[in-house]
Amino acid sequence: MSRLPPLLLSLALLGWTIGVATAENRLADTASDYLRDHADNPVDWYPWGEEALSLAREQGKPIFVSVGYSTCYWCHVAKRELYEDPEIAAAMNEGFINIKVDREQRPDLDRVLMAATRALGEGGGWPNNVFLTPELEPFFAGSYFPPEPLPGRESFPQLLERLSDQWQSDREPLIERAEATAEALREGADTSLAPERIDPADWRARAIEALEGQFDPLVGGFAPPGQSSRFPQSPRLALLLSALDGDDQAARAEPMLRQTLAAMSIGALFDHVGGGFHRYTVDPEWAIPHFEKMLVDNAQLVGHYARAGQRLDEDWFDDVAARSVDYLERRLWADEGGYFTAENAELDGIEGKSYVFTAEEIRAVLGEDAEAFLDWHQLAGLPESRIDHELPDGGAVNLAVGRACAAFEQGGLAESIAGFETEYAALLEARQERGLPKRDRKQVAEFNALTGLGLLAAAQPLDRGDWHERAQAVGDWLWARLWDADEQHLYRQVYEGEVSGEAFLSDHAAAGRLMLALYGSSHDIRWLFRAQRIAATIERDYLDESGRLHERPPESGGGLPLSPPLVGDDAAPSGHSQAVVFLLDLGTVLEDAARQERAVRALAGFAAEVDAAPTDWGFLVGALARPSRAEVVTREAARLAEATETTGGPGETRDHVEVEARAADGGAAIVVRITIDEGFHINANPSSEDFLVPTRVTALDGEIGPIDYPEGKPFRAEFARSAIDVYEGVLELRVPVTGEMPTRLRLDLQACDDEVCLAPDEVEVEVERGGE
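Residues numbered from 1 in each chain as written. Predicted model: local features only at pLDDT ≥ 70, side-chain atom pairs only at ≥ 80, totals over all residues. Heavy atoms only, no water.

With that settled, consider unusual backbone geometry. Trans peptide bonds make up the majority, and among non-glycine residues the majority have a negative phi. Geometrically, the link from Trp126 to Pro127 is a cis peptide bond, its omega value of 5 degrees lying close to zero. Relative to the helices and strands, Pro127 resides in the loop between α6 (107-119) and β4 (128-132). Located in the positive-phi region is Gln233, a residue other than glycine, with phi close to 50 degrees. With a phi angle near 55 degrees, Asp348 is a residue other than glycine that sits in the positive phi range. Residue placement: Asp348 occurs in the loop between β10 (346-347) and β11 (350-351). (Helix = DSSP H or I, 4+ residues; strand = E, 2+ residues; numbered from the N terminus.)

Here is the structure:
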């Protein structure tokens, strides 16, 4: 039997069926607004999964995979111009197996396919369309394909005909290109050696130097030469914020941070009428936005603006943060709890229609107050579309740049703009009368956790207790809706009230950071327990035996010849970055040197990438360069370099219990004996609080009945507000056998002493048969 090609393995084992095929093209019942939006296309769409992949192999057809997301404007354009066209759909159905992917549900698959697109010489972007062989090796890719030929570009129907004909008549060149691309991707995934030294302070200094080379001194922001669009790049802003604490770098970081935050919020990246930030602008002056709004962007910018307002003594930044929170509450908070993912750029198929105004419309709404408003604001006309798409009447609302910049430099911008609250409210009401853009109703664990962190970061400097309460509500919602207490892991999302999707490292790491931050701000022990349980899941499921982190559990994605390529802190902090910071901080709070060592060992697994391009890891570099963390990282990295084993800290739960199990009563029962180290205890069953892990026995084979767990002994630690029920010393449990005698049992345990609770643990024990 021939070996499966590496890219086939990497993609096939990433398989995760997003929904059940019940509609004519199988997308109607998926847990995604983006996929459902294509449910009535004449294209015979499949969600990514074994059904589609098997069919491609059986029929010998190439696969067309289209990756996008619900607020992607060009994705909607492609739907209308291409996938709703019966003739185009017929050609797609005849020649290809067609798959739709929501990139926010499958960031791992998105990264594999984007790497393939770039390896094929395309720039990348969404929609990302990749043609694969039935063995899942890529041979052609692109983004927007026009329905009709354009100068120098073939139309999508022409492309489909060309590729289909070549596949039928002379596919060998396509297969050779696919194999070469897969080989290039495989070579690019080779692990590089760790740097000689892990030095967060050096990383930050080099990152800031690199940012100075990319900084636009006229309008702020960072971009390579020739790039017209501008993105907020929140992780880089986090890096600059962290440098304000360093005497040697603050003078270099502060001007870049101050000018960029001012330019973004004076221009139309910030929605002056409705609050909140758009995803990016199509021009370098921040004047013309691409109008979709993403939760993940606003989640980070809220905290950045509030912290910068405090550090730089700038009231305008405080006001921008507050108005962004108002937007999140008004448009993205769900009545049942949790935040939706995004808001669309278009209304009635026209991008920006919800947001733009003409001067005449403003005068009609504001009456005699319009001229004062227009003196302080300017309307940036939208550029003509190169593909002849309909534009809305009006322009994007910016502050009048010259006047606003002068007021900002004099420290009076916040006071000047505060007088327009009534006008903004009136214009927002007029805007809403046009209709509201659709929202992406996925509620993603990672994005919600980042929003909670942003609210916490903003609550303290602005003294907003209500924001702190909302962050707590997000934490409780995540735990109640997305944490599986039995399996001890998160799910990725809630959609229409239903939980679905395998969570990733980024979901767990962001949620863990939120729980730990809530503990730090409230000193409520439940948050610490939750953080510990999430940390235990990360260490159990996402760390391999060498201590390296994986985006998916190694058993489902590890060992692949080609894993999803590692990316840095791009639009948001990566899962790798957040996991290192979370485990490091939790180890510090618990004075657990063993966990700190694990965090730094995980960092060492990708430190070469960070060392090569520290600017691309802004969140991580900024976080680790803070003195308290840098000291720990430097110490533990030195120990790793010397190949010594760190043994400090209280260790793991299994280090403080001894478990035996033997058959008894002629095979009718099993006696489980748990000996607990002096000074330690384990939680009783039932546990006193829902966030505690109760002592629990499960059969790994055979059958057992309900266990009569004894009552626990009250115990109150100095750090706890109330007593909990625990077991100490020696505990014996009688486990009834109701069928075949089990050979192995699993015990869920969590050991604590009077100062700290260790991470929950799973201890397996073999059943001795001598007592039958």
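We now examine the sheet that holds strand β9 (residues 342-343). In a beta sheet, neighbouring strands pair by backbone hydrogen bonds and run either parallel or antiparallel. Across the sheet, 3 strands lie side by side as β8-β9-β14; this open sheet has antiparallel pairing. Edge positions in the sheet fall to β8 (293-294) and β14 (439-440), since each has one partner strand and no second. As paired strands, β9 and β14 are joined by 2 bridges and run antiparallel to one another. When the bridges of β14 are listed, Ala342 appears paired with Asp440. (Pairing = 2+ DSSP bridges.)

Ranked by internal contacts, the top residues of the largest apolar core, which has 173 residues, are Phe131, Phe156 and Leu413. It is helix α19 (residues 445-462) that provides the largest number of residues to this core, a total of 10 residues. Not counting chain neighbours up to four residues away, the residues in contact with Leu413 comprise Ile266, Trp316, Trp376, Leu399, Ala404, Ala407 and Phe408. (Core = buried A, V, L, I, M, F, W, Y, C linked by side-chain atoms within 4.5 Å. Buried < 20%, exposed > 50% of the residue type's maximum accessible area, 1.4 Å probe, protein only. Contact = heavy atoms within 4.5 Å.)

Relative to each other, helix α25 (residues 593-604) and helix α28 (residues 627-641) sit at 75 degrees, their axes nearing to 9 Å. It follows that α25 is roughly perpendicular to α28 by the angle criterion. Residues Ala593, Gln596, Glu597, Val600, Arg601, Leu603 and Ala604 of α25 form the contact with α28, whose participating residues are Val632, Val633, Arg635, Glu636, Ala637 and Leu640. Classifying every residue of the contact of α25 with α28 gives 8 nonpolar, 1 polar and 4 charged. (Axes fitted to C-alpha atoms, helices over the stretch in contact; angles between N-to-C directions. Parallel < 35°, antiparallel > 145°, perpendicular 65-115°, else oblique. Nonpolar A, V, L, I, M, F, W, Y, C, P; charged D, E, K, R; others polar.)

A few words now on the state of the cysteines. What is meant by a disulfide is a covalent connection between two cysteines, made through their sulfur atoms. Applying the stated rule across the entire model yields 1 disulfide. Shown here is the disulfide that connects Cys72 with Cys75, its sulfur atoms set 2.3 Å apart. As the torsion about the S-S bond is roughly 80 degrees, the Cys72-Cys75 disulfide counts as right-handed. For the pair formed by Cys72 and Cys75, the shared burial category is buried. (Disulfide = S-S within 2.5 Å.)

Before going further, it helps to spend a moment on helix α10 (residues 234-243). With 10 of its 10 residues buried, α10 lies for the most part within the structure. By the burial criterion, the buried members of α10 are Ser234, Pro235, Arg236, Leu237, Ala238, Leu239, Leu240, Leu241, Ser242 and Ala243. Its buried side turned inward, α10 meets α9 (200-214), α11 (250-266), α12 (295-312) and α27 (618-624).

Before going further, it helps to examine the sheet that holds strand β24 (residues 724-727). Read across the sheet, 4 strands follow the order β23-β24-β21-β27 without closing on themselves; strand pairing throughout is antiparallel. Among the strands making up the open sheet, the edge pair consists of β23 (713-715) and β27 (751-752). The sheet contact formed by β23 and β24 spans 3 bridges and is antiparallel. Among the inter-strand pairings, Phe715 is bridged to a residue of β24, identified as Ile724.

In this section: empty space enclosed by the protein. Taken as a whole, this structure holds 2 cavities of 30 Å³ or more when the rule is applied. Here the largest cavity is characterised by a volume of approximately 110 Å³. Only α13 (315-332) and α18 (421-432) provide two or more residues apiece to the lining of the largest cavity. Looking at side-chain class alone, the lining of the largest cavity contains 5 nonpolar, 3 polar and 5 charged residues. When its volume is computed, the second largest cavity comes out at roughly 60 Å³. Contributing to the lining of the second largest cavity are Ala268, Phe270, Asp271, His272, His278, Pro289, Phe291, Tyr355, Ala396, Val397 and Arg431. The residue makeup of the lining of the second largest cavity, split by class, is 7 nonpolar, 2 polar and 2 charged. (1 Å grid on protein atoms, 1.4 Å probe; cavity = no way out; pocket = protein on both sides within 12 Å on 5 of 7 lines; lining within 4 Å. Points joined across faces, edges and corners; volume = space filled by probe spheres on them.)

All right, on to the pattern of salt bridges then. Tallied over the entire structure, the rule returns 57 salt bridges. In this structure, Asp199 engages Arg197 in a salt bridge whose closest nitrogen and oxygen atoms are separated by 2.5 Å. Overall, the relative accessible area of 16% leaves Asp199 in the buried class. When the shortest N-O distance is used, the salt bridge between Arg629 and Asp585 registers 2.8 Å. Separated by 44 residues along the polypeptide, Arg629 in helix α28 and Asp585 in helix α24 (residues 575-589) bring together distant segments of the chain. One network of salt bridges, with partners in common, ties together Asp33, Arg36, Arg441 and Glu496. (Salt bridge = Lys/Arg side-chain N within 4 Å of Asp/Glu carboxyl O.)

Where α11 meets α13, the axes come as close as 11 Å, and the angle between the chain directions of the two elements is 50 degrees. Accordingly, the angle class assigned to the pair α11 and α13 is oblique. Crossing hand, α11 versus α13: left-handed. Between α11 and α13, the contacting residues are Arg258, Leu261, Ala262 and Ser265 on the first element and Trp316, Phe317 and Val320 on the second. In terms of residue class, the contact of α11 with α13 is built from 5 nonpolar, 1 polar and 1 charged. (Left-handed = near helix turned anticlockwise from the far one by under 90°.)

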